[in-house]
Amino acid sequence: RGLKVGDYDENGLIEPIIQWRNCYQPLDLGGGTRSSKAVASMAKTSNSIDMLSVSRIIECDRLRNGMDRSKYPFAKSSCSFIIKTNDKGDFLFQASNMEERDDIVCKWKLVIARLASLAITNDGNALFREFFRSPDAWLDDHNIAV
């Protein structure tokens, strides 16, 4: 799915997120298998990572100890990358080929670096312009006249 820009709600700001849908869910850790209904329902739910919680994005074939095959038995390391976060753990993604993976990794690193640099330099105007919907759009969505 990709980047979901930050927004406003009744409680204030919602930071930008990386959002996706599952296409594969590993087996239960207890050794059982998931029903096809459970896998289909998981494919419809969205998952997300707060962009400011991303600590690292790394290609799997560049990991020092290799990929954890007990967690990711079927992933192709040459096409996969992991997003490591401060709060939710690690997330594995797989592209169609190595070139696509490298392109995705490069672009996500640039987007996250831009967000972090704007936050660190306290450039609020650029931060809101580039990573948040306008407050007017939120008001329009909720039929609130100003």
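For clarity, every value in this text was computed on a predicted model and none was experimentally measured.

Basis of the calculations
- Residues numbered from 1 in each chain as written.
- Predicted model: local features only at pLDDT ≥ 70, side-chain atom pairs only at ≥ 80, totals over all residues.
- Heavy atoms only, no water.
- Pairing = 2+ DSSP bridges.
- Helix = DSSP H or I, 4+ residues; strand = E, 2+ residues; numbered from the N terminus.
- Axes fitted to C-alpha atoms, helices over the stretch in contact; angles between N-to-C directions.
- Contact = heavy atoms within 4.5 Å.
- Buried < 20%, exposed > 50% of the residue type's maximum accessible area, 1.4 Å probe, protein only.
- Arc of directions from axis to C-beta.

Undergrad: Explanation requested: the sheet that holds strand β6 (residues 54–59) in the structure shown.
TA: Across a sheet, strands are paired by hydrogen bonds formed along the backbone, either parallel or antiparallel in direction. Here three strands make up an open sheet; going across it, the order is β6-β7-β8 and the pairing antiparallel. Each edge of the open sheet is held by one strand with a lone partner, namely β6 and β8 (90–94). On average, each strand axis in the sheet is inclined to that of its neighbour by 20 degrees, with strand direction left out of account. As judged from the five bridges shared by strand β7 (residues 80–85) and β8, these two strands associate in the antiparallel manner. Following the sheet pairing, Ile82 is matched in β8 by Leu92. Docked against the sheet, helix α2 (residues 98–120) engages β6 and β7, running at close to 160 degrees with respect to β6.

Undergrad: Where do I start with helix α3 (residues 124–131) in this structure?
TA: Side chains that are three or four residues apart share a direction in an α-helix, a result of its 3.6 residues per turn. Turning to α3, its buried residues number three or more, namely Ala126, Leu127 and Phe131. Buried residues of α3, seen end-on, are gathered within an arc of 100 degrees and therefore sit on one face of the element. Facing away from the buried surface of α3 by more than 90 degrees, the exposed residues are Asn125 and Arg129. On its buried face, α3 is in contact with α2.

Undergrad: Before we go on, may I ask you to explain the environment of Asn47 in this structure?
TA: Looking at where Asn47 falls in the secondary structure, it is placed in strand β5 (residues 46–50). Spatially, the C-alpha atoms of Asn47 and Arg21 are 6.0 Å apart, while their sequence positions differ by 26 residues. Apart from residues no more than four positions distant in its own chain, Asn47 is found in contact with Ile18, Gln19, Trp20 and Asn22.

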